[in-house]
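Chain by chain, the residues run as shown.
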Amino acid sequence: MIVIRGNYYDGKTSAQVPAECRVFDNGAVHVCESGIVEPLLALPRFDFKASPRLANTARYIYFPHGEKFETEDNPAVDDLLQRFKKQPRLHIVHVLESRTRYILICLVAMSAVMWAGGRYGVPAAARVIAHNLPSSVVQKAGSQTLDILDRTVFTPSRLDKSVRQRVTAHVEPLVQSHSGLRLQIHFRNGGRLGANAFALPNGALVLTDEMVTLARHDDELLAVLAHEAGHVARRHGVQRIIQDSLLAFAIMAVTGDVSGTSQVFLGLPVMLTELAYSRDFEREADRYALDYLQSHQIPPRRFADLMRRLQQEKRTDDPDTEGRWSNYLSTHPDTEERLRRFEEPN
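Counting of residues starts from 1 at the beginning of each chain's written sequence and follows it residue by residue. Only residues with pLDDT of 70 or above have their local features reported here, since the model is predicted, and side-chain atom pairs are shown and tallied only from 80 upward, although totals for entire chains, interfaces and linings are computed over all residues. Computation of side-chain values covers all heavy atoms of the structure but excludes hydrogens and water.

J.: Looking at this model, I keep getting lost on the nonpolar core. Mind explaining?
T.: General note: in soluble globular proteins, nonpolar side chains tend to be found buried as a group. Counting residues in each nonpolar core, the largest one holds 40 residues, and the members touching the most others are L207, M211, V212, L221 and L306. Each helix is a run of DSSP H or I of at least 4 residues and each strand a run of E of at least 2, with the numbering of both proceeding from the N terminus. Ranked by residues supplied to this core, first place goes to helix α8 (residues 218–233) with 8 residues. Among residues more than four places away in sequence, those in contact with V212 are L159, V163, V167, F187, L207 and L221. As used here, the term nonpolar core means buried Ala, Val, Leu, Ile, Met, Phe, Trp, Tyr and Cys residues forming a set that is joined through side-chain atoms within 4.5 Å. For each residue, the accessible area found with a 1.4 Å probe, counting protein chains only, is set against the maximum for its type, and the residue is called buried under 20%, exposed over 50%, and partly exposed in between. Contacts are assigned to residue pairs with any non-hydrogen atoms lying within 4.5 Å of each other.

J.: Would you take a moment to explain the sheet that holds strand β5 (residues 49–50) for this structure?
T.: Strands belonging to one sheet form pairs held by backbone hydrogen bonds; the direction of such a pair is parallel or antiparallel. Pairing within the open sheet is antiparallel, and its 7 strands lie in the order β4-β3-β2-β1-β7-β6-β5. For this open sheet the edge positions go to β4 (39–43) and β5, each flanked by a neighbour on one side alone. Here 4 bridges tie strand β3 (residues 29–33) to β4, and the two strands are oriented antiparallel to one another. Counterpart to V31 in the pairing with β4 is L41. The axes are straight lines fitted to the C-alpha atoms, using for helices just the contacting stretch, and the angles between their N-to-C directions are given from 0 to 180°. Against the sheet, helix α1 (residues 74–83) makes contact with β1 (2–9), β2 (17–23), β5, β6 (59–62) and β7 (68–71), and its axis sits at roughly 110 degrees relative to β1, the strand it touches most. One requirement defines pairing of two strands: DSSP has to find at least two bridges between them.

J.: Looking at this structure, how should I read the packing of α8 against helix α12 (residues 279–295)?
T.: For any two helices packed against each other, one specifies the inter-axial angle together with the distance between the axes. Following both chains from N to C, one finds α8 and α12 inclined at 125 degrees, their axes separated by 8 Å at the closest point. When the axis of α8 is compared with that of α12, the two are oblique. Where α8 crosses over α12, the handedness of that crossing is right-handed. Here L222, A223, A226, H227, A229, G230, H231 and A233 of α8 come into contact with α12, specifically with F281, E282, A285, D286, Y288, A289, Y292 and L293. Note on residue categories: nonpolar means Ala, Val, Leu, Ile, Met, Phe, Trp, Tyr, Cys or Pro, charged means Asp, Glu, Lys or Arg, and polar means any other residue, Gly included. Among the residues forming the contact of α8 with α12, the class breakdown is 11 nonpolar, 3 polar and 2 charged. By the definition adopted for this analysis, an angle is roughly parallel if under 35 degrees, roughly antiparallel if over 145, roughly perpendicular if from 65 to 115, and oblique otherwise. Each crossing is labelled by how the near helix is turned from the far one, with a counterclockwise turn of less than a right angle marking it left-handed and a clockwise turn marking it right-handed.

J.: For this particular structure, what's the right way to read the pairing of β3?
T.: Along any regular strand the residues' side chains alternate between the sheet's two faces. Strand direction decides the pairing type here: β2 and β3, joined by 5 bridges, are antiparallel. Residue pairing in the sheet places C21 in a bridge with V31 of β3. Here β2 folds back onto β3 in antiparallel fashion, the turn holding 5 residues, of which G27 has a positive phi close to 100 degrees. Where β3 hands over to β4, the hairpin turn is made up of 5 residues, of which G35 adopts a positive phi near 85 degrees.

J.: Would you mind going over the sheet that holds strand β8 (residues 155–156) with me for this structure?
T.: Here 4 strands make up an open sheet; going across it, the order is β8-β9-β11-β10 and the pairing mixed. The open sheet is flanked by β8 and β10 (197–199), the only strands paired with a single partner. Taken together, the 2 bridges between β8 and strand β9 (residues 184–189) define a ladder with antiparallel strand orientation. Bridged to T155 within β9 is N189.

J.: Just to check I follow, could you spell out the pairing of β9 for this structure?
T.: Taken across its 6 residues, β9 has 5 buried, putting it largely inside the fold. Both β9 and strand β11 (residues 204–208) contribute to a ladder of 5 bridges, which runs parallel. Paired with F187 across the two strands is L207, which belongs to β11.

J.: Got a minute to help me understand the pattern of salt bridges in this structure?
T.: Side-chain pairs of opposite charge can arise where the charged atoms are in close proximity. Here, a salt bridge means any Lys or Arg side-chain nitrogen found within 4 Å of an Asp or Glu carboxyl oxygen. Per the stated rule, a full pass over the model turns up 14 salt bridges. Two residues, D25 and R83, come together in a salt bridge whose shortest N-O distance is 3.4 Å. With D25 in the loop between β2 and β3 and R83 in helix α1, this residue pair connects regions lying 58 residues apart in the sequence. Residues R308 and E343 are paired through a salt bridge, measuring 3.0 Å at the closest nitrogen-oxygen approach.

J.: Mind showing me how you'd approach helix α14 (residues 335–343) here?
T.: Each full turn of the α-helix corresponds to 3.6 residues, which orients residues three or four apart in the same direction. Those residues of α14 that fall on the buried side of the exposure criterion are T335, R338, L339 and F342. Relative to the axis of α14, the buried residues are bounded by an arc of 90 degrees and lie together on one face. The reported arc concerns the directions from the helix axis to the C-beta atoms and nothing else.

J.: Just checking my understanding: could you explain a nonpolar patch on the surface for this structure?
T.: Candidates for patches are residues over 30% relative accessible area with no salt bridge; among them, like charges are joined within 9 Å and nonpolar side chains (Val, Leu, Ile, Met, Phe, Trp, Tyr) within 5 Å. Every accessible area reported is derived by Shrake-Rupley at a probe size of 1.4 Å, with residue values counting cover from the shown protein chains alone. Together, I103, L104, L107, M110 and M114 make up a nonpolar patch on the protein surface, roughly 470 Å² of accessible area in all. Secondary-structure assignment places M114 in helix α3 (residues 100–130).

J.: Any chance you could explain the packing of aromatic side chains here in plain terms?
T.: Here the distance between the centres and the angle between the planes together describe a pair of aromatic rings. When the centres of two rings from Phe, Tyr and Trp lie within 6.5 Å, Trp using its six-membered ring, the rings pair. Their planes under 30 degrees apart give stacked, over 60 give edge-to-face, and anything left gives tilted. One pass over the full model with this rule turns up 4 aromatic pairs. Sitting over the face of the ring of Y9, K68 holds its NZ or CZ atom 5.7 Å from the ring centroid. Both a distance and an angle decide whether a charge sits over a ring: NZ of Lys or CZ of Arg must be within 6 Å of the ring centre and within 35 degrees of the ring normal. Sitting over the ring of Y60, K68 keeps its end group 4.5 Å from the ring centre.

J.: Sorry if this is basic, but what is going on with the environment of P173 here?
T.: Mapped onto the elements, P173 comes out in helix α6 (residues 172–176). The partly exposed category is assigned to P173, whose relative accessible area is 45%. Taking C-alpha positions, P173 is 9.5 Å from L222, a pair spaced 49 residues apart along the chain.

J.: Is there a simple way to think about the packing of α12 against α14 in this case?
T.: Contact geometry for α12 and α14: axes closest at 11 Å, N-to-C directions at 15 degrees. Looking at the two axes, α12 sits roughly parallel to α14. Here α12 and α14 pass one another in a crossing that is right-handed. Note on element contacts: α14 touches α12 through E337, R338, R341 and F342, opposite E282, R283, D286, R287, A289, L290 and L293. When its residues are assigned to classes, the contact of α12 with α14 shows 4 nonpolar, no polar and 7 charged.

On their own, these measurements won't tell you what the molecule is for.
The following block contains the structure:
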């Protein structure tokens, strides 16, 4: 006979009765109040279910007509269920959680799944979503972002009108050859952003005065904008937003922190401006620009020349500007590797 001590509930009232659950070798079950022989409940055969074990928390034995028995004697319940071959399906959870080796294996497996999801799953999902978003959504996201940047970061361009007209005319072939992308050139004074060029999802190509001033040939600006057009064509900006949003929602689901998710949306203008794209995005945009330059008989090293100049400017930058937002180069990884492709002879 197996005796389990605990509390009995008759299923009709909330009364708790200290009792013993006695299970005989023939399967009969008696529940008796402590110190009293007359049973509160008697079953002729083993006919109850037990809740699965979870660490050392109390468990319940459920009887056919709503009665239940609560006990903290987990080993006795385990012995009982094993003897009568009534282990609940979720018993495997306790087996896993009570063995350090299994816990470590689960942690490693979970970490691997999370890494694979973040590294491959989320980018793949973001790519599919980005290329299936309605054009109206992309246009609205880009225009609203530029409005926010104009209010918070940029000031109107200080370049002479003739300079802006000359640069616009020089890059017009790039705009015309991408009519489906609705490319538009916007000149802004970069301020703390410094020498920079970036693209918004709606096709807005922003050139800062500092970048225009740094260029020694309009082909250099054309080459940079061809790179940015590659980001628009491949919808990298939209993918980046979706990717970060998916990751934020995943973190929220795991941690329950809703406030962190909102930061993604509040930080969209900064995210799009910094353009901290993945290396795959940058290589893809580089290939796009390289193909465009070569197909239009423009020396690819024009791109490298401007980037080298930016590199030099960064090294000799005034110490007081170290706290500014990073310039164009710092948001594009593997500078040397990238520029070599543009400097190689055709």
